Amino acid sequence: MLIVHSDAHRQHAPRYFLVRGAVQQNPEIPERAERLLAAVRDSRNVIVEPDGIRDDVLAAVHTDDYLAFLRDAPAAWAALTGAASEIVPNVHPNRYTTARPQGIVGRAGYHQADTSCPIGPGTFTAACAAAACAVHATRAVLGGARVAYALCRPPGHHAYADIAGGFCYLNNVAIAAALARTVHGRVAILDVDVHHGNGTQGIFYDRADVLFVSVHADPSNYYPYFAGYFEERGAGAGVGANLNLPLPHGTGDAGYLEALERGLDAIRRFAPGLLLVSLGFDASEHDPLGVLKVTRAGFAEIARRVAALALPTVLIQEGGYLSDHLGGLLVAFLGGFEAAR
Ligand SMILES: [Zn+2]
């Protein structure tokens, strides 16, 4: 399989985030990508570096103000007296206020949804490299490859058009989908990360040309809390092109695959020209952040069923956190996919 990876992800190494008010080590660390890459370094795979990414490709999804913020904020932040090495806002707009302040603290609060998306000096470089991996893999599939895997880090599916959140800065899968739309009239995104892809949903919520299907843990007591419910079916022209399938915490293979089948049915009916998969492994029974109980064999079965759609497919890495099983989950998924094609 074609695998696209960039070492530039190492320039983003967030230090901490808040969990229930307590400072903890940020789990979205470079070792995640190193372990995934090590697991797939063998003769069956071709690993390539991505081409660079153009600003207009990013701007198909993200606002100019937001891209300028990600690029320029570290220098402005570093000029503050007593600032930490990473940008973590201490104030956010609420449901009643929408003003856009000029100072860096207010801008940070405007563009960062939570404390789990700290921005350091190398964050924008790493995020652009991750988006470049997704774009490179998508171009390969648009060019005739049946499947390609983008080892993106940082992940992307919690990022909106102008808001970072949940370890995500640029929405890699959305950027790839926008590119795919320049060739195909309809594209579908299947998100199997344990967390709802709220950013991706938000970006395409009012569009009929991009179907978004997400299977994830019930958000009523889990990130991202404020989105991911079954009732969210899209808006305007996009009504019917958004399908959320939240699962009770503790759900294992059988319940997961049942929901997946509903999602795959929706994708078949939509008949897209290309499929993008937001591939998280944090639904694993072994994931330190996860609340579902999908086994390694379950991930292989998910892959077989996705591959059976027989669509040109781009696999884009999202979450999945450090455990002794992380690399094995990727091997199982790619193996299941290849076996079914
Ligand atoms: Zn996740």
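These numbers were taken from a predicted model, which means no experiment stands behind them.

Reading the values: the criteria
Residues numbered from 1 in each chain as written. Predicted model: local features only at pLDDT ≥ 70, side-chain atom pairs only at ≥ 80, totals over all residues. Heavy atoms only, no water. Helix = DSSP H or I, 4+ residues; strand = E, 2+ residues; numbered from the N terminus. Buried < 20%, exposed > 50% of the residue type's maximum accessible area, 1.4 Å probe, protein only. Donors = N, O, S within 2.8 Å, 3.2 Å for Na, K, Ca; no water. Tetrahedral: all angles 85-135°; square planar, octahedral: opposite > 155°, others 65-115°. Expected span 1.5 Å × (residues − 1).

Draft legend 1. View of unusual backbone geometry. The amide bond that connects Arg153 to the next residue, Pro154, takes the cis arrangement and shows omega of 0 degrees. With respect to the element layout, Pro154 can be found in the loop between β5 (147–150) and α6 (172–180). Tyr223 connects to Pro224 through a cis peptide bond whose omega is 10 degrees. Residue position: Pro224 is located in the loop between β7 (210–217) and β8 (242–247). Positive phi is not limited to glycine here, since Arg20 has a value of about 50 degrees. With respect to the helices, strands and loops of the structure, Arg20 is situated in the loop between β2 (16–19) and β3 (22–25). Looking at Arg20, the relative accessible area reads 84%, which means it is exposed. Unusually for a residue other than glycine, Tyr225 sits at a positive phi of about 60 degrees. With respect to the helices and strands, Tyr225 occurs in the loop between β7 and β8. Residue Tyr225 is classed as partly exposed on the basis of its relative accessible area of 42%.

Draft legend 2. Layout of the coordination of the zinc ion. All of the protein donors around the zinc ion are Asp193 (OD), Asp193 (OD), His195 (ND1) and Asp282 (OD); their distances to the metal are 2.0 to 2.8 Å. Coordination at the zinc ion is irregular: its four donor atoms span angles of 51 to 153 degrees at the metal. If you list the donors of the zinc ion from N- to C-terminus, the spacing comes out as D-x1-H-x86-D. Side by side, Asp193 and His195 carry an identical accessibility label, which is buried.

Draft legend 3. Broad picture of helix α8 (residues 253–270). Here α8 is 18 residues long and its end C-alpha atoms lie 25 Å apart, about the 26 Å a rise of 1.5 Å per residue gives. Here α8 has its buried residues at Tyr256, Leu257, Ala259, Leu260, Gly263, Leu264, Ala266, Ile267 and Phe270. Where α8 ends, the next residue or the one after it, Ala271, has phi of about 50 degrees, a positive value.

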